[in-house]
Amino acid sequence: MPTVYLLDYVAGNVRSLVNAIEKVGYSVEWVRKPEDVANAEKLIFPGVGHFGHCMSQFADSGYIEPIRKHIAAGKPFMGICVGLQGLFESSEESDKVAGLGVVPGRLTRFDDSDKAVPHIGWNSANTSKAGNVTGESVYGLRPDSKYYYVHSYALPYVEGQLESKGWTIATARYGKEEFVGALAKDNVLLTQFHPEKSGAAGLRVLKAFCEGQKVTKLPQQPSAQAAREGLTRRVIACLDVRTNDQGDLVVTKGDQYDVREKDESGGAVRNLGKPVDMARKYYEQGADEVTFLNITSFRNCPVADTPMLEILRRTSETVFVPLTIGGGIRDTVDTDGTKVSALEVASMYFKSGADKVSVGSDAVTAAEEYYARGKTLAGTTAIETISAAYGNQAVVVSVDPKRQYVASPEATTHHTVKTAFPGPNGEEYCWYACTTKGGRETRDFDVKQLVQAVEAMGAGEILLNCIDKDGTNSGFDLELINDVKASIKIPVIASSGAGHPGHFAEVFEKTPTDAALGAGMFHRGEYTVKQVKEHLQQQGLLVRQFEE
Ligand code: 1PR
């Protein structure tokens, strides 16, 4: 197998990238010290997390000069995400640390006054936007393809500025802001998106880089509709996983979190299929992300949970969209009594192929403590330690709320919502109580308090379930989603209650949610992810088309 060299300079999550490189027919050699750069022909610089942290590690390890030399010698070089950002002069994210300055420009933060930040999801990288209407594809980029982005800082696009210096620019649009999604010149390719997480479209870009195919013909000139820019509506398939009574890890699904059959089987754990096969099926149906929730990990020690790690490893070899794993992300004690930190647990999952971890029960405890300390950060929580090491985008907080009805806002100290669906005694208000351990414990703590605290701690995204709606097929809890969206800036994934494609259209039309997740309707085979996306498209909503 021909070889690609990968820079290993910072605690990063590169398992997915290695899988993707192998998938396009190359093997990976690691560059672990600056002297090794000279031996590398094709070199990839992956970057995640904080610009300042990445670039100072990079500089302290002595990579600046060898990388400059590599690029100046005209050898193939690819920078991904923060690996793109590091080649610019500077970033608003960290003024103390300089970039390499190979490309002129300064990255700035997205304006969060009208949209969620970070920018997470599938967007364009369109070269024909920048005056290139020749029907050519630069490094496999296509105007009608969508790529997976996750970042808060970007280079605003100014027409002509970099083109005049010989760069080909691919653009994307987030809200009103147009930014640089990728750029290329000679043997240098830089992508703000993650090709390794961008399905077939991303693999094509990686392959083009590896094979040095700088310009090829587009298979066809896309329609203006297909090349429409902007963040697409993200559809996520979720697999609740647990061990059944026979000891096998199976995909299950509850009704309001109860996963046992209510039939003559005597209450066996509902078995809906095998996790790896189902994840693959949803990827092939066009799911934009796949989430695994290990729903009983609070009982077991996750360090001993090797079957779950194996599931991730096998899934990440064939599923090239982001994978999230939740359940048991907290400080714990191994079976032999050794203490294992939440960061170490998360690292095991990242090394096995996860792109994000989802923290549930532990986030509630950490948030309660945050308020008890007078809203000060501890610096030691799972959310803080994992986001410091892997970036905010790698930390999702999964919320399991339960409605509590009250006659008036004065009847509780908690933040209430006026509801169109009154309670059993005609109560017109409700508040959403946080629960832990899969809904088994209800806390005197509301969801608004939780999401604001975890945003302050560095969570990158909220997975917003709802126990009242879970498994009911009656649609998402729009009141809850609107209320949470109004409380925070980080993206929200709406979850629980989807029963047909119309529910996805409804949540995107009636709330500003950033993504929507379904489980039961997909697992029972009632609808496919593809049907959901077709429906969204018919409603005029922008979605990513699955590419072979
Ligand atoms: O507390 O950090 O160990 O994490 C445990 C994780 O497991 C949490 O994310 C929690 O939400 C999840 N979990 C625990 N128990 C259950 C259960 O169902 N008994 N599942 C559970 C959560 C909700 C979603 C579901 C949507 C959509 N399930 O995963 O996929 O509600 O379902 P639908 O479309 O069929 O309505 P920790």
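Reading the values: rules and limits
Numbering of residues starts from 1 in every chain and runs along the sequence as written. Where local features are concerned, this predicted model is filtered to residues with pLDDT of at least 70; where side-chain atom pairs are given and counted, the filter is 80 or more; whole-chain, interface and lining totals use all residues. Note: side-chain values were computed over all heavy atoms of the structure, leaving out hydrogens and water. Salt bridges, as used here, are contacts in which a Lys or Arg side-chain nitrogen is within 4 Å of a carboxyl oxygen on Asp or Glu. Where helices and strands are cited, they refer to DSSP runs of H or I of at least four residues and of E of at least two residues respectively, numbered from the N terminus. Each residue is placed in one exposure class: buried if its accessible area under a 1.4 Å probe, protein chains only, is under 20% of its type's maximum, exposed if it is over 50%, and partly exposed if it falls in between. By this definition, two strands are paired if DSSP reports at least two bridges between them. Axis definition: a line fitted to C-alpha atoms, limited for helices to the stretch in contact. Angles are taken between N-to-C directions and run from 0 to 180 degrees. Contacts are assigned to residue pairs with any non-hydrogen atoms lying within 4.5 Å of each other. A pair of Phe, Tyr and Trp rings is counted when the ring centres sit within 6.5 Å of each other, with Trp represented by its six-membered ring. The angle between the planes then sorts it: under 30 degrees is stacked, over 60 is edge-to-face, the rest tilted. Lysine NZ or arginine CZ positioned within 6 Å of the ring centre and within 35 degrees of the ring normal marks a charge as sitting over the ring. Any residue with a heavy atom positioned within 4 Å of a molecule or strand is treated as near that molecule or strand. Definition of a polar contact: a pair of N or O atoms within 3.5 Å, with one able to donate and the other able to accept a hydrogen when the atoms are protein atoms, and with sequence-neighbouring residues admitted only if both atoms are side-chain atoms. All accessible areas in this document rest on Shrake-Rupley with a 1.4 Å probe, and a residue is counted as covered only by the protein chains that are shown. In this classification, the charged set is Asp, Glu, Lys and Arg, the nonpolar set is Ala, Val, Leu, Ile, Met, Phe, Trp, Tyr, Cys and Pro, and all remaining amino acids, among them Gly, are polar. Residue ranges labeled as domains rest on an automatic or database domain assignment. Buried area adds together the accessible area that both of two parts lose upon being put together, with accessible area traced by a 1.4 Å probe. Whether a crossover is right-handed comes down to one check: with the strands pointing away from the viewer, does the path from the first strand over the helix to the second run clockwise; if it does, it is right-handed.

## Topic: the pattern of salt bridges
- On inspection of all chains with the given rule, the structure shows 36 salt bridges.
- The shortest N-O distance in the salt bridge between Lys 115 and Glu 177 comes to 2.5 Å. Here Lys 115, found in the loop between β6 (106-109) and β7 (119-123), pairs with Glu 177, found in strand β12 (residues 177-185); they are 62 residues apart in sequence, far enough to count as distant.
- For Arg 544, the salt bridge identified is with Asp 288, shortest N-O distance 2.8 Å. With Arg 544 in the segment after α15 (529-538) and Asp 288 in the loop between α6 (275-285) and β17 (289-294), this pair connects stretches of sequence that are 256 residues apart.
- Given a relative accessible area of 4%, Arg 544 falls into the buried group.
- Here the salt bridges do not stand alone but share partners, grouping Asp 255, Asp 258, Glu 261, Lys 262 and Arg 270 into one network.

## Considerations on the sheet that holds strand β4 (residues 77-81)
- The mixed open sheet is built from seven strands, whose spatial order is β2-β1-β3-β4-β13-β12-β11. Strand pairing shows two members of the sheet lacking a second neighbour, β2 (27-31) and β11 (168-174), which therefore form its edges. Sheet twist, expressed as the average angle between the axes of neighbouring strands with direction ignored, equals 25 degrees.
- Packing against the sheet, helix α1 (residues 15-23) makes contact with β1 (3-7), β2, β3 (43-47) and β4, and its axis sits at approximately 170 degrees to β1.
- On the sheet, helix α3 (residues 64-72) packs against β1, β3, β4 and β13 (188-191) and is oriented at approximately 125 degrees with respect to β4.

## Quick word on the packing of aromatic side chains
- Going through the model one piece at a time under the given rule, you end up with 16 aromatic pairs.
- Plain terms: the ring middles of Phe 58 and Tyr 63 are 5.6 Å apart, the flat faces sit at 20 degrees to each other, and that makes the pair stacked.
- By way of ring pairs, the aromatic residues Phe 110, Tyr 147, Tyr 149, Tyr 174, Phe 179 and Phe 193 are connected into one cluster.
- Here the guanidinium or amino end of Lys 115 rests over the ring plane of Tyr 174, the centre of that ring lying 5.3 Å away.
- Here Arg 544 stacks its cationic end above the ring of Trp 122, 3.8 Å away from the centre of that ring.

## Re the site of the ligand
- Close to the ligand lie 24 residues; Ser 361, Ser 398, Asp 400, Asp 470 and Ser 496 are nearest.
- A distance of 2.8 Å separates a nitrogen atom of the ligand from a polar backbone atom of Tyr 257.
- At 2.8 Å from an oxygen atom of the ligand is found a main-chain nitrogen or oxygen belonging to Gly 328.
- Considered on its own, the ligand offers 770 Å² of accessible surface; in the complex 99% of this is hidden by protein.
- Listed by contribution, the elements that provide at least two residues to the shell around the ligand are β15 (234-243) and β29 (515-518).
- Taken together, the residues of the shell around the ligand sort by class into six nonpolar, 14 polar and four charged.

## With respect to the domain arrangement of the chain
- In terms of domain boundaries, the chain breaks down into domain 1 (3-217) and domain 2 (234-538).
- Taking only C-alpha atoms, the centre of domain 1 and the centre of domain 2 are 31 Å apart.
- On the side of domain 2, 29 residues touch domain 1, which itself brings 26 residues to the contact.
- Between domain 1 and domain 2, the buried area comes to about 2000 Å², and carbon and sulfur atoms account for 57% of it.
- Contact with domain 2 buries surface across domain 1, with Asn 13, Ile 120 and Lys 197 losing the most and accounting together for 25% of the total.
- Applying the counting rule to domain 1 against domain 2 returns one salt bridge.

## Describing the side chain of Gln 393
- For Gln 393, the location among the structural elements is in the loop between α10 (382-390) and β22 (395-399).
- Of note is the side chain of Gln 393, whose polar atom sits 2.8 Å from the backbone oxygen of Tyr 390.
- For Gln 393, the contacting residues outside a window of four places in its chain are Val 48, Gly 49, Val 150 and Lys 356.

## Comments concerning the sheet that holds strand β5 (residues 90-91)
- Here three strands make up an open sheet; going across it, the order is β5-β6-β10 and the pairing mixed. Edge positions in the sheet fall to β5 and β10 (153-154), since each of these pairs with one other strand and no more.

## Description of the environment of Ser 152
- Its location among the elements puts Ser 152 in the loop between β9 (147-151) and β10.
- Here Ser 152 falls in the buried class, since its relative accessible area comes to 17%.

## Some remarks on the pairing of β29
- The alternating pattern of β29 places Ala 515 and Leu 517 and Ala 516 and Gly 518 on opposite faces, both of which are buried.
- By the bridge criterion, two bridges tie strand β28 (residues 492-494) to β29 in an arrangement that is parallel. Across the sheet, Ile 493 pairs through a bridge with Ala 515, a residue of β29.
- Where the polypeptide runs from β28 across helix α13 (residues 501-510) and back to β29, its parallel neighbour, the crossover connection is right-handed.

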